[in-house]
Amino acid sequence: MYEELKTVQAKRWLNVKELAEYLGYSKDRIYKIKDEHMLEGIHFYNKTGKILFDRFAIDDWVKGNDTHEPRESKRDIVDRLLSSI
């Protein structure tokens, strides 16, 4: 397990499973965090159906150094727009 984590820490691009191990979250939690707090093109990229997370951007996000975090989650924005109709 330690060797796996060491390998993950050396990689820049992480898939969902690797990011879950890196942060200590479940894969389901990673998907929820991605949808609510992360921006495509900054924190992650979706190439041919595979989501790849930028470990450097994730590290900044975890440390609170991320200036790109959306103020509202996508779900909140959609709910607000739908309620205004």
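## Regarding the overall build of the protein chain
Item 1. The number of helices and strands found in the protein chain is five helices and three strands.
Item 2. N-terminal to C-terminal, the α/β element order of the protein chain is α-β-α-α-β-β-α-α.
Item 3. Taking contacts inside the protein chain between residues at least 6 apart in sequence as the whole, the part at least 24 apart equals 45%.

## Some words on the sheet that holds strand β3 (residues 50–54)
Item 1. In spatial order, the strands read β1-β3-β2; together these three strands make up an open sheet with antiparallel pairing. Single-partner strands in this sheet number two, and they are β1 (13–14) and β2 (44–47).
Item 2. The pairing of β2 with β3 spans four bridges and is antiparallel. Residue F44 lies in a different strand from β3, and its bridge partner there is F53.
Item 3. Of the strands in this sheet, β1 and β3 touch helix α4 (residues 55–63), which is tilted by about 60° from β3.

## A closer look at the packing of aromatic side chains
Item 1. If you walk through the whole model with that rule in mind, you get two aromatic pairs.
Item 2. With a centroid separation of 5.6 Å and an interplanar angle of 75°, the aromatic rings of W13 and Y45 are classed as edge-to-face. Placement of the pair is W13 in strand β1 and Y45 in strand β2, with a sequence separation of 32 residues.
Item 3. When the ring of F44 is compared with that of F53, the centres are 5.9 Å apart and the planes differ by 50°; the resulting orientation is tilted. For the pair F44 and F53, one class covers both residues: buried.
Item 4. The ring of Y25 has R29 sitting right over it, with the charged end atom 6.0 Å from the ring centre.

## Things to note about the nonpolar core
Item 1. Among the nonpolar cores identified, the biggest contains 13 residues, and L19, I30, M38 and F53 are the most heavily contacted of them.
Item 2. Those elements that place two or more of their residues in this core are α2 (16–23), α3 (27–37), β3 and α4.
Item 3. Looking at this core element by element, the count peaks at four residues for α2.

## Remarks on α4
Item 1. Three or more residues of α4 are buried, namely R55, A57, I58, D59 and W61.
Item 2. The backbone nitrogen of F56 lies 3.0 Å from a side-chain oxygen of the residue at the head of α4, namely D54.
Item 3. Positive backbone phi, at 85°, marks G64, one or two positions downstream of α4.

Cut-offs and rules
- Residues numbered from 1 in each chain as written.
- Predicted model: local features only at pLDDT ≥ 70, side-chain atom pairs only at ≥ 80, totals over all residues.
- Heavy atoms only, no water.
- Helix = DSSP H or I, 4+ residues; strand = E, 2+ residues; numbered from the N terminus.
- Contact = heavy atoms within 4.5 Å.
- Pairing = 2+ DSSP bridges.
- Axes fitted to C-alpha atoms, helices over the stretch in contact; angles between N-to-C directions.
- Phe/Tyr/Trp six-rings, centres within 6.5 Å; stacked < 30°, edge-to-face > 60°.
- Buried < 20%, exposed > 50% of the residue type's maximum accessible area, 1.4 Å probe, protein only.
- Lys NZ or Arg CZ within 6 Å of the ring centre and 35° of its normal.
- Core = buried A, V, L, I, M, F, W, Y, C linked by side-chain atoms within 4.5 Å.
- Polar contact = N/O pair within 3.5 Å; in protein donor to acceptor, adjacent residues only side chain to side chain.

Function-wise, these values are silent; they only describe arrangement.
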